[in-house]
Amino acid sequence: MMNAALENTAGPAMKLDGVSKLYGAVKALDNVSFELRKGEFLTMLGPSGSGKTTSLRAIAGFIQPTSGRLFIDGRDMTVVPPQKRNIGMMFQDYALFPHMSVLENVGYPLETRGIKRVEREKRSMEMLEIVGLAHCANRYPKEMSGGQQQRVALARALVFKPDIVLLDEPMAALDKKLRGQMQIEIMHITRQVGATVVSVTHDQEEALVMSDRIAVFKDGRLEQIGTPHELYLRPRSEFVADFIGEANLLRGNVRSTGDGVVIEGESWKANLPKDDPRAQSLAGAQKACVVLRPERIHAVPVGTALENAGEGVIEDKIYLGVEYRLVVRMADGGKINLCSRDVASIAAMNPGERIGLAWAVDDIVVIGGCG
C-alpha cells in the first residue's frame, strides 16, 4: 500500500536522466533513467556489481556521473555537493556517534543546520517517539540492541525532514528474525512521516515486503522497474523472472496453429489464443521462454488432456508444514518446482512416480527470443 502522499504530487521527487558512470573501461552505470514519486518507497535491487549502490552514491552526491543528469524536486543537482543536498542517509553500519547519547545522535543533523538546542531536543524527542525509543533518549549506542540502533539511525535520517531518505542495505547487520520485524517497522515509520525513500538491497524478500516499486539492476543497467506485483507476475526478462521470487523457466519451440500459438518442449506445452497479446508478440519467433511460478502449477493425473500441461517424474518431495514442494524432472532433463497446499493429495505421491502437471493460461508469462 503506497503512501497517501503519492496521491498528491505535482512532479517527481527525483529524476535520473540517462545517468552513466565509467571507471576506466568499466561501465558501473549504463544510461540509467527513472523517476521517484513523492512519498514513494523505491528499492533498487540486484546482485553485487549490478549498479544499485553506484546509483545510490550518485543520488547522495558521493560520486559524479560521467554523463546524464540528476534532478531533485525539479532542481538540477548533478554537480551539487552532498552537504548541499537535502538528503537523509542511513548507512549499513548505522554510523552512530558512540560518545553521544541517543538524543544527541538524532539531533546532530539539526545542530549542523543551526537549530537551537531547545528546538533541537524537542524535534528529536518527537522523532524518537515515532520510532518508539523516547524512553532510550539518554542511553548511548553501545547500550542499545542492533534493532534499536537501526531505529536511532533512521530517526536521525528523518529528523530534519529531508527531500529524500537513502537506505544502504538497511537490514544487512541484523539476524534473520530481526530483519523480518524491522522490515515492517521501517516501512510503517517512513509511511507515517510521509518520507520519500530510496533503499538498496540484494535481498528480494526485503524488496517485495517494503517497496511501492522495485528497480531491478543488472550489469549497470536498469533491467525493469515496477510494483512488486508487476515484477513477480509479469517479468520482462529471464533475469527478472529468476531474480524476483522463484520461477520455472521452460524453453520451447514456437508453432503457429489455426487458433493461436503453441510453445512446446519435449514433455510440455503452453497454448495461447490468437487474439492474446502474448501470442501476437511471438509473431515470427521460433523459440520462446515460458515462465511459471511454482505455486501456479497443479498436480493432475498422468495423461489428462489439457491445453497447458506437462508430465515428468517426481525427483524430490519436501514437506514444509502448510505445503509440499515437489521437484519434477522433465523428459529433456530440466526440472520444474511445484508448491502445493493440497497436502493430502501430494502426501500419497512418491519420488520415482510419474506426475501430470497443469497450469492456467493466465498464469503463463512469455519471454520471446530465448535460446
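Scroll up to find the structure.
Note that the structure is a prediction, hence the values are computed from the model and not measured.

Undergrad: Would you take a moment to explain the nonpolar core for this structure?
TA: Considering soluble globular proteins, one finds that nonpolar side chains tend to be buried as a cluster. Counting residues in each nonpolar core, the largest one holds 33 residues, and the members touching the most others are Leu-128, Leu-167 and Ile-186. Taken together, the elements giving at least two residues each to this core come down to α2 (102–112), α3 (117–130), α4 (146–158), β7 (164–168) and α5 (176–192). Considering each element in turn, this core owes the most residues, 6 residues, to α4. Setting aside residues no more than four positions away along its own chain, Ile-186 makes contact with Phe-41, Met-90, Gln-150, Leu-154, Leu-167, Pro-170, Met-171 and Met-210. Among the nonpolar cores identified, the runner-up in size contains 27 residues, and Leu-292, Met-330, Ile-346 and Ile-355 belong to it.

Undergrad: Please explain the side chain of Ser-20 as it appears in this structure.
TA: Following the sequence through the fold, Ser-20 ends up in strand β1 (residues 14–23). Exposure remark for Ser-20: the relative accessible area of 8% places this residue in the buried category. Reaching out from Ser-20, the side chain makes a polar contact with the backbone nitrogen of Asn-31 at a distance of 2.8 Å. Setting aside chain neighbours within four positions, we find Ser-20 in contact with Leu-29, Asp-30, Asn-31, Pro-65, Thr-66 and Ser-67.

Undergrad: What exactly am I supposed to notice about the packing of α4 against α5 here?
TA: Helix-helix packing: each pair is described by the crossing angle between the helix axes and the interaxial distance. Axis separation between α4 and α5 bottoms out at 11 Å; the angle between their running directions is 20°. Compared by their axis directions, α4 and α5 come out roughly parallel. Here the hand of the crossing between α4 and α5 comes out right-handed. When α4 is examined against α5, the residues Gly-147, Gln-150, Arg-151, Leu-154 and Leu-158 are found in contact with a partner set consisting of Leu-178, Met-182, Glu-185, Ile-186, Ile-189 and Thr-190. A per-class count over the contact of α4 with α5 returns 6 nonpolar, 3 polar and 2 charged.

Parameters at a glance
- Residues numbered from 1 in each chain as written.
- Predicted model: local features only at pLDDT ≥ 70, side-chain atom pairs only at ≥ 80, totals over all residues.
- Heavy atoms only, no water.
- Core = buried A, V, L, I, M, F, W, Y, C linked by side-chain atoms within 4.5 Å.
- Buried < 20%, exposed > 50% of the residue type's maximum accessible area, 1.4 Å probe, protein only.
- Helix = DSSP H or I, 4+ residues; strand = E, 2+ residues; numbered from the N terminus.
- Contact = heavy atoms within 4.5 Å.
- Polar contact = N/O pair within 3.5 Å; in protein donor to acceptor, adjacent residues only side chain to side chain.
- Axes fitted to C-alpha atoms, helices over the stretch in contact; angles between N-to-C directions.
- Parallel < 35°, antiparallel > 145°, perpendicular 65-115°, else oblique.
- Left-handed = near helix turned anticlockwise from the far one by under 90°.
- Nonpolar A, V, L, I, M, F, W, Y, C, P; charged D, E, K, R; others polar.

Note that all results are geometric; they support no functional claim without further evidence.
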